[in-house]
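Architecture at a glance
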Amino acid sequence: TTITMGSIFSSSEYKVEDHRVSDRKLFDSYIADGKFNDLSGKVVGITGTSAGSLGFFVAEVAIKKNVKILLLLNRNSGSAQKGKDGLETIIKDAGSNTDLKVVTIDMQDLESVKKAGAEVNKIASENGGLDILVCNAGIMATKDKRTKDGFDVQMQTNQLSHFLLSQIT
């Protein structure tokens, strides 16, 4: 795909495919040059690791930085499964020993968050504790509606559930 961008003074073509290649090179260079600390022996949990999401790429960094246990906290969805599959491929291709574990969580249901928190605590306690929790899951531009807990769906998903999860893990 080529997009022509510009103004009355200049124009240029932007090739999406070229941008993806340069982004990947930049991403890989950040991992290789020590911008991220080694995570050997660490337990990391990340909410929202669907395929292609920011959480997915944070998980990729964790894998390439030798994380011991990587907890993927997602709702059941096709995109979450694609993310898990992609991360399993990264583990294999990197020759990593990362142990990938899925914890089902519905950020629009506080009981689900509590249950997921208990599961995270169980896994983490068996492995020296939870070292890092990345609160990434989120939604936007949704219709104005309430969760079953009575909160705005976007507020609960993006803030309240993450706050609860961070307090109980």
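Please refer to the structure placed before this passage.
Only a predicted model underlies this, so the values are computations on that prediction, with no experimental measurement involved.

Turning our eyes to something else, we now look at the pattern of salt bridges. Inspection of the entire model under this criterion finds 10 salt bridges. Linking Asp-33 and Lys-35 is a salt bridge whose minimum nitrogen-to-oxygen distance equals 3.4 Å. Judged by relative accessible area, which is 45%, Asp-33 ranks as partly exposed. Of the charged contacts in the structure, one is a salt bridge between Glu-88 and Lys-84, with a shortest N-O distance of 2.7 Å. Taken as a pair, Glu-88 and Lys-84 lie in helix H3 (residues 78-94) at a separation of four residues, close to a single helical turn. By relative accessible area, Lys-84 is classed as partly exposed at 22%. Ionic contacts of the salt-bridge type, sharing partners, join the residues Arg-24, Asp-28, Glu-60 and Lys-64 into one network.

Judged by nonpolar contacts, the single largest core of 16 residues is most densely connected at Leu-71, Leu-73, Val-103, Ile-105 and Val-113. The greatest single-element share of this core, amounting to six residues, is contributed by helix H4 (residues 110-125). The contact partners of Val-103, leaving out residues within four places of it in the chain, are Leu-72, Leu-73, Asn-74, Ala-116, Glu-119, Val-120 and Ile-123. Membership of the second largest hydrophobic core comes to 14 residues, among which are Leu-39, Val-44, Leu-72 and Leu-87.

Conventions and cut-offs
Residues numbered from 1 in each chain as written. Predicted model: local features only at pLDDT ≥ 70, side-chain atom pairs only at ≥ 80, totals over all residues. Heavy atoms only, no water. Salt bridge = Lys/Arg side-chain N within 4 Å of Asp/Glu carboxyl O. Buried < 20%, exposed > 50% of the residue type's maximum accessible area, 1.4 Å probe, protein only. Helix = DSSP H or I, 4+ residues; strand = E, 2+ residues; numbered from the N terminus. Core = buried A, V, L, I, M, F, W, Y, C linked by side-chain atoms within 4.5 Å. Contact = heavy atoms within 4.5 Å.

Just geometry here; none of it tells us what the structure is for.
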